[in-house]
Amino acid sequence: MATEDLGTLPNQQRRVIDRPVPASTSERPFLPGPRRRVTVGGSHRSSRRAVWQREYVRTLVATDALAALVGALMGWVVRFGDAAPHLGSTSGLSVAWLMVLLPPIWVAANGLMRAYEPRFLGVGSEEFQRVLMAGTTVVALVGTLSWAFALDVARGFVVVALPVAGLLTVAARLGARHYLHRRRAAGECVQSTLVAGHPASVASLVRQVRRNTDHGLRIDAACTPDGLASAELEALGVPVVGSLEDIAVVARREDVDVVATLTCPELDGPVLRRLGWQLEDTRADLVVAPALTDVVGPRVVIRPVSGLPLLHVERPELRGLRHLGKALLDRGSAAAALLALSPLFLVIAALIRLDSKGPAFFLQTRVGRDGREFTMVKFRSMVTDAEKLLIDLREQSEGNGLLFKMKRDPRITRVGGFLRRYSLDELPQLFNVLSGSMSLVGPRPPLPREVAEYGDDLRRRLLVKPGLTGLWQVSGRSDLDLDESTRLDLQYVENWSPAFDAMILVKTVQAVLGGRGAY
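Residues numbered from 1 in each chain as written. Predicted model: local features only at pLDDT ≥ 70, side-chain atom pairs only at ≥ 80, totals over all residues. Heavy atoms only, no water.

Turning our attention to the overall build of the protein chain. Helix and strand content of the protein chain: 18 helices and 11 strands. In the protein chain, which comprises 519 residues, the share counted as buried stands at 46%. Sequence-distant contacts in the protein chain: of pairs separated by 6 or more residues, those separated by 24 or more amount to 70%. Approximately 27100 Å² of the protein chain is accessible, and the part contributed by carbon and sulfur atoms is 62%. (Helix = DSSP H or I, 4+ residues; strand = E, 2+ residues; numbered from the N terminus. Buried < 20%, exposed > 50% of the residue type's maximum accessible area, 1.4 Å probe, protein only. Contact = heavy atoms within 4.5 Å. Areas by Shrake-Rupley, 256 points an atom, 1.4 Å probe, with all protein chains shown as cover.)

Have a look at this one:
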């Protein structure tokens, strides 16, 4: 059996590293198999990306070109219709050339803006920001060329063709991303990842990564300071394949896609710099996970100081003009939604009254921003004496410690079960949004008895208005444990933005239609 050159590693580390390894692609788990010799710097080691990444990029190139072509055709039809200019005319010739050249120019602009780089694809907003920059570049290019060569390009054609191409490009990429996420949820199109750090930190990262498969990372193995496994990692099914000194050897041998290092004293600046050098002859990307988690977006800026890349963390935006705009948008949207949904409200109220005795609406005291109490409105989904029956059911709670939940709660009525599954019982909270006590998006509105048990961390939930929906709604709803629901609420408080709200509202529709975690 061929072996790696392990140099002068200690016997204990040599025993951990010198093991059979799998033979083929990055899609495989770390299972026994024939060892593959890697020739450093030679042609035997393939530097190609995973097959699925190449196919995904080719798909995006094709859809981008098609979007530009459709945009050009629509621009022609809208601008000229039946009265198309003769191709022999200056205007007709210019538009004809633009229709032919727009698809390759559009694809080239996206490539120039790095909108096809795998690291920007599949997650986050960076991909769409680069598409926007590409569209802006094409507009500037068309305008400049028209002026420089005195081309008679119909403005109406440009005004229609380019925006349509941009919208279709974004729509196609959203569809491709949704398909990619479905494949990743099935265990496909993932990047094999080697994690380096202390066992407790590695285990925490593994649990967090496995909660959401959209990012496409699959943690297959770990390196720890002493090269020994822990019970926590064994329970998670993550083998320890070496010590921190063996990261580069293991990454080369196992042919991983990503090496993720966690914050620990052993992996300081000089060590990480040398690790980066050692990984240059592999296809593994090196990522460094900072100790600061759940702070994302514009709040984190890398600012070089004396050659050091320092992370500058901005304060969370809890007041100001953007929050005023959010409040105005909330109230306007709530008013419009109440007007449009008023017939549905009447139907639901009638069904509730016919199904069981009692009022159609349920009023309950909840705690809002800055600890102020308010009365929350919901459609009644339980029997009228539900609070009394709760005393006998508390020991059967399947909630997260603070919140009582039962998957088969005997207090829920027949109509109430349907309303809860599709979150229709929450719709009257639009009245709370209209009054200003709630927002469309925010943390879950807690009960006073829950707030009485809050620690300092949980009290940060109360810095913003509670929401009709939120990260808890789109990430599992009642299936979440206390730690995860707390983390999601705090993540929202720390990273609120209009784009974040828009993303949550879109995902809420998907979560409600799926009905997962609703009981």
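So, about the environment of Leu194. With respect to the helices and strands, the residue Leu194 is situated in strand β1 (residues 191-196). Note on Leu194: relative accessible area 1%, which makes it buried. Not counting the four nearest positions on each side in its chain, Leu194 is found in contact with Ala221, Ala222, Cys223, Val241, Ile247, Val250, Ala251, Val256, Val258, Val259 and Ala260.

Further remarks concern the pairing of strand β8 (residues 361-367). Within a regular beta strand, the side chains point alternately toward one face of the sheet and then the other, so they alternate between its two faces. In this sheet, strand β9 (residues 373-379) lies alongside β8 in antiparallel orientation, the contact comprising seven bridges. Residue pairing for β9: Leu363 is matched across the bridge by Val377. The antiparallel pairing of β8 with β9 creates a hairpin that spans five residues between the two strands, and Asp370 there sits at a positive phi of about 60°. (Pairing = 2+ DSSP bridges.)

With 76% of its residues at a pLDDT of at least 70, the protein chain reaches an overall mean of 79. Within the model, the stretch residues 86-90 combines pLDDT values under 50 with five contacts to residues more than four positions away or in other chains. (pLDDT = per-residue confidence, 0-100.)

This part covers the side chain of Glu127. Following the sequence through the fold, Glu127 ends up in helix α4 (residues 126-148). Among the residues examined, Glu127 registers a relative accessible area of 0% and is labelled buried. Polar side-chain contacts of Glu127 include one of 2.9 Å to the side chain of Arg173. (Polar contact = N/O pair within 3.5 Å; in protein donor to acceptor, adjacent residues only side chain to side chain.)

Enumeration over the complete set of coordinates arrives at five aromatic pairs. With a centroid separation of 5.1 Å and 20° between ring planes, the pair formed by Phe361 and Phe379 is classed as stacked. Of the two residues, Phe361 is situated in strand β8 and Phe379 in strand β9; the sequence distance between them amounts to 18 residues. Aromatic pair Phe418 and Tyr422: ring centres 5.3 Å apart, planes at 55°, arrangement tilted. Owing to a relative accessible area of 28%, Tyr422 belongs among the partly exposed residues under this scheme. Aromatic ring contacts, followed pair by pair, group Phe345, Phe361, Phe379 and Phe431 into a single cluster. A cation over a ring is seen here: Arg130 above Phe120, with NZ or CZ 4.1 Å from the ring centre. (Phe/Tyr/Trp six-rings, centres within 6.5 Å; stacked < 30°, edge-to-face > 60°. Lys NZ or Arg CZ within 6 Å of the ring centre and 35° of its normal.)

Time to look at the pattern of salt bridges. Going through the model one piece at a time under the given rule, you end up with 21 salt bridges. Residues Glu117 and Arg119 are paired through a salt bridge, measuring 3.0 Å at the closest nitrogen-oxygen approach. Among the salt bridges present, the one from Glu127 reaches Arg177, with a minimum N-O distance of 2.7 Å. Of the two residues, Glu127 is situated in helix α4 and Arg177 in helix α5 (residues 155-185); the sequence distance between them amounts to 50 residues. (Salt bridge = Lys/Arg side-chain N within 4 Å of Asp/Glu carboxyl O.)

Next up on the list: the nonpolar core. By size, the foremost hydrophobic cluster in this structure holds 29 residues, and its most contacted members are Ile352, Phe379, Leu419, Leu430, Leu471, Tyr492 and Ile504. Broken down by secondary-structure element, the contributors of at least two residues to this core are α10 (321-355), β9, α12 (414-421), α13 (429-435), β10 (439-441), α16 (471-474), α17 (482-495) and α18 (498-514). Apart from residues no more than four positions distant in its own chain, Tyr492 is found in contact with Lys326, Val441, Gly442, Pro443, Val464, Leu471, Phe500, Asp501 and Ile504. Counting residues in each nonpolar core, the second largest holds 18 residues, with Leu194, Cys223, Val259 and Cys264 among its members. (Core = buried A, V, L, I, M, F, W, Y, C linked by side-chain atoms within 4.5 Å.)

This next bit is on the pairing of strand β5 (residues 285-289). Taken together, the five bridges between strand β4 (residues 258-262) and β5 define a ladder with parallel strand orientation. Its bridge partner lying in β5, Leu262 is registered against Ala289. Between the parallel elements β4 and β5, the chain passes through helix α9 (residues 269-278) in a crossover that is right-handed. (Right-handed = clockwise from strand over helix to strand, strands pointing away.)

Right, let's talk about the packing of α10 against α12 for a bit. The geometry of α10 relative to α12 is characterised by a closest axis approach of 8 Å and an angle of 145° between their N-to-C directions. Mapping the contact onto sequence places Ile348, Leu351, Ile352 and Asp355 in α10 and Arg414, Val415 and Leu419 in α12. (Axes fitted to C-alpha atoms, helices over the stretch in contact; angles between N-to-C directions.)

The residue Glu234 is located in helix α7 (residues 231-236) in this model. In sequence terms Glu234 and Ala203 are 31 residues apart; their C-alpha atoms lie 9.5 Å from each other.

Next up on the list: the sheet that holds β1. If you walk across this open sheet you meet the five strands as β3-β2-β1-β4-β5, and the pairing is parallel. Edge positions in the open sheet fall to β3 (240-243) and β5, since each of these has one partner strand only. Within the sheet, the average angular offset between the axes of one strand and its neighbour, ignoring direction, is 30°. Helix α6 (residues 199-211) contacts β1, β2 (217-224) and β4 of the sheet and is inclined by roughly 180° relative to β2. Of the strands in this sheet, β4 and β5 touch α9, which is tilted by about 160° from β5.

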